[in-house]
Amino acid sequence: MQLILSDDPNTEFQISMSVNHYENFPVGSLVMPRRLRKPTHAVYAFARTADDLADEGNAEADERLRALDELKSELDRIQRGETPLTPLMQRLQREAIVPFKLPLQPFYDLLSAFSQDVVKTRYQDFGDLIDYCRRSASPVGRIMLHLYGQTDEVSIAQSDGICTALQLINFWQDVAVDWQKGRVYIPQDDLQKFNVSETQIAEGKADFAFQRLMAYECNRAFQMLKGGSPLGKTLKGRLGFELRMIIVGGQLILQKLDGSKYDMFTQRPVLDKKDWLIILKRAFLKK
């Protein structure tokens, strides 16, 4: 799910919302507090690099896992109070982890999820998928909350709900895209429950059974997004405004999926300029 004005993470004119490729970091956003831009850029660079190691290029699985293990070793150095070896991790330590006293577990969780991406392409049940989201999506929100300085249990739980919902929305938006990569994020149990086969996905067949399945999955994501949405009102200032925009963007993607009868094979739902007006209006009015 994306709302992007620029692909340059250093520009001040970008608001990104895709959990895929870790563009859910509000890198360079107009509404991002200036004091948080440098640490956010550093965290984004880490997540983007690790994501690319897991998912981009033509490297073999063993090579990808070794590269991710090297990043883990760099985190281990930071944990021991040592200076990491690479400029990427030195920047992360200098601009984010040390000045904001960030916990390292979210970074370890992200690396765990990226490593899983290399070797796992199917999920048996929803719990299995949520466990992946706990490590691939929730750390993003937790890191941002620590940067912002709001780490109470309620805020963290609401953030986890939002991030997991956004991850799921991205999966349902990208069923066709992920199939081309050899991945199916729809739980196998749910495919069986709704009598949908992977052959249908391969053929791009959005029949009634597939529509019922995706309506079921999208409703799960909607409920999670709704459960976490109060955080957009309790977070003050620019970060709260940005989060409200992200939440509204997620809701609009779900509406577009429903409006297309879940035929993401024909046209992947994206947010357009008209949606911007809705997003800005609802975020401003705190709706």
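Residues numbered from 1 in each chain as written. Predicted model: local features only at pLDDT ≥ 70, side-chain atom pairs only at ≥ 80, totals over all residues. Heavy atoms only, no water.

**Quick notes on the overall build of the chain**
Of the regular secondary structure elements, the chain holds 14 helices and zero strands. What you see in the chain, going N to C, is helices and strands ordered as α-α-α-α-α-α-α-α-α-α-α-α-α-α. In the chain, which comprises 287 residues, the proportion classed as buried is 53%. Here the chain displays about 13,200 Å² of accessible surface, and carbon together with sulfur accounts for 51% of that area. (Helix = DSSP H or I, 4+ residues; strand = E, 2+ residues; numbered from the N terminus. Buried < 20%, exposed > 50% of the residue type's maximum accessible area, 1.4 Å probe, protein only. Areas by Shrake-Rupley, 256 points an atom, 1.4 Å probe, with all protein chains shown as cover.)

**Describing the environment of L111**
Assignment of secondary structure puts L111 in helix α4 (residues 105-119). Overall, L111 belongs to the buried group, its relative accessible area being 4%. Note: C-alpha distance between L111 and K72 (39 residues apart in sequence) is 7.1 Å. Discounting residues that sit within four places of it in the chain, L111 has contacts with F46, A50, L68, L71, K72 and L75. (Contact = heavy atoms within 4.5 Å.)

**Points about the environment of R91**
Within the fold, R91 resides in helix α3 (residues 87-97). The exposure class of R91 is partly exposed, given its relative accessible area of 26%. For the pair R91 and A45, spaced 46 residues apart in sequence, the C-alpha to C-alpha distance is 9.3 Å. For R91, the residues in contact, after removing those within four places along its chain, are H41, A42, A45 and A96.

**Concerning unusual backbone geometry**
In this structure, N195 takes a positive phi of about 60° despite not being glycine. Positioned with a positive phi, Y262 is a non-glycine residue whose angle comes to about 60°.

**Observations concerning the packing of helix α5 (residues 126-136) against helix α7 (residues 153-173)**
In the contact formed by α5 and α7, the axes pass within 9 Å of each other and the chain directions differ by 115°. Crossing handedness for the pair α5 and α7: right-handed. Across from F126, L129, I130, Y132, C133 and S136 in α5, the residues of α7 making contact are T164, Q167, L168, F171 and W172. Of the residues contributing to the contact of α5 with α7, the split by class is eight nonpolar, three polar and no charged. (Axes fitted to C-alpha atoms, helices over the stretch in contact; angles between N-to-C directions. Left-handed = near helix turned anticlockwise from the far one by under 90°. Nonpolar A, V, L, I, M, F, W, Y, C, P; charged D, E, K, R; others polar.)

**A word on the side chain of D109**
Tracing the backbone through its elements, the reader meets D109 in helix α4. Although D109 is buried, it forms no salt bridge, and the closest oppositely charged side chain is R134 at an N-O distance of 4.4 Å. Once residues lying within four places of it in the same chain are set aside, the contact partners of D109 are R134, R135 and P139. (Lys, Arg positive; Asp, Glu negative; His and termini not counted. Salt bridge = Lys/Arg side-chain N within 4 Å of Asp/Glu carboxyl O.)

**Focus: the packing of α7 against helix α11 (residues 208-228)**
As a packed pair, α7 and α11 sit with axes 7 Å apart at the nearest point and diverge in direction by 155°. One way to sum up the angle between α7 and α11 is to call them roughly antiparallel. Between α7 and α11 lies a crossing of left-handed hand. Mapping the contact onto sequence places Q158, G161, I162, T164, A165, L166, L168, I169 and W172 in α7 and M214, E217, C218, A221, M224, L225, G227 and G228 in α11. Grouping the amino acids of the contact of α7 with α11 by side-chain chemistry returns 11 nonpolar, five polar and one charged. (Parallel < 35°, antiparallel > 145°, perpendicular 65-115°, else oblique.)

**Description of the nonpolar core**
Counting residues in hydrophobic clusters, the biggest one holds 75 residues, and the most contacted among them are F46, L92, F107, W172, I186, F210 and M214. Each of domain 1 (32-119) and domain 2 (122-286) gives at least three residues to this core. (Core = buried A, V, L, I, M, F, W, Y, C linked by side-chain atoms within 4.5 Å. Domains from an automatic or database assignment.)

**Quick look at the pattern of salt bridges**
For the coordinates displayed, the defined rule picks out 18 salt bridges. In this structure, R220 and D190 form a salt bridge, with 2.9 Å as the shortest nitrogen-oxygen distance. Taken as a pair, R220 in helix α11 and D190 in helix α9 (residues 188-193) lie far apart in primary sequence, 30 residues in all. Within this structure, D55, K181 and R183 form a network of salt bridges that share partners.

**Some details on the packing of aromatic side chains**
A complete count under the given rule lists nine aromatic pairs for this structure. Taking the centre distance of 5.4 Å and the plane angle of 75° together, the rings of F46 and F107 count as edge-to-face. Placement of the pair is F46 in helix α1 (residues 37-55) and F107 in helix α4, with a sequence separation of 61 residues. You'll find F46 and F107 in the same group, each marked buried. Taken together, the ring pairs connect Y123, Y132, F171, W172 and Y185 into an aromatic cluster. The cationic tip of K120 hangs over the ring face of Y123; the distance from NZ or CZ to the ring centre is 5.1 Å. R220 extends its terminal NZ or CZ atom over the ring of F126, reaching a point 3.8 Å from the ring centre. (Phe/Tyr/Trp six-rings, centres within 6.5 Å; stacked < 30°, edge-to-face > 60°. Lys NZ or Arg CZ within 6 Å of the ring centre and 35° of its normal.)

**So, α11**
Compared with the 30 Å implied by 1.5 Å per residue over 21 residues, the 30 Å span of α11 between its first and last C-alpha is a close match. Residues of α11 that are buried include every one of A209, F210, L213, M214, E217, C218, R220, A221, L225 and G228, and no others. Seen end-on, α11 carries its buried residues on one side only, within an arc spanning 165°. Seen from the buried face of α11, the exposed residues on the opposite side, beyond 90 degrees, are F208 and K226. (Expected span 1.5 Å × (residues − 1). Arc of directions from axis to C-beta.)

The values reported here are purely geometric and, on their own, carry no functional implication.
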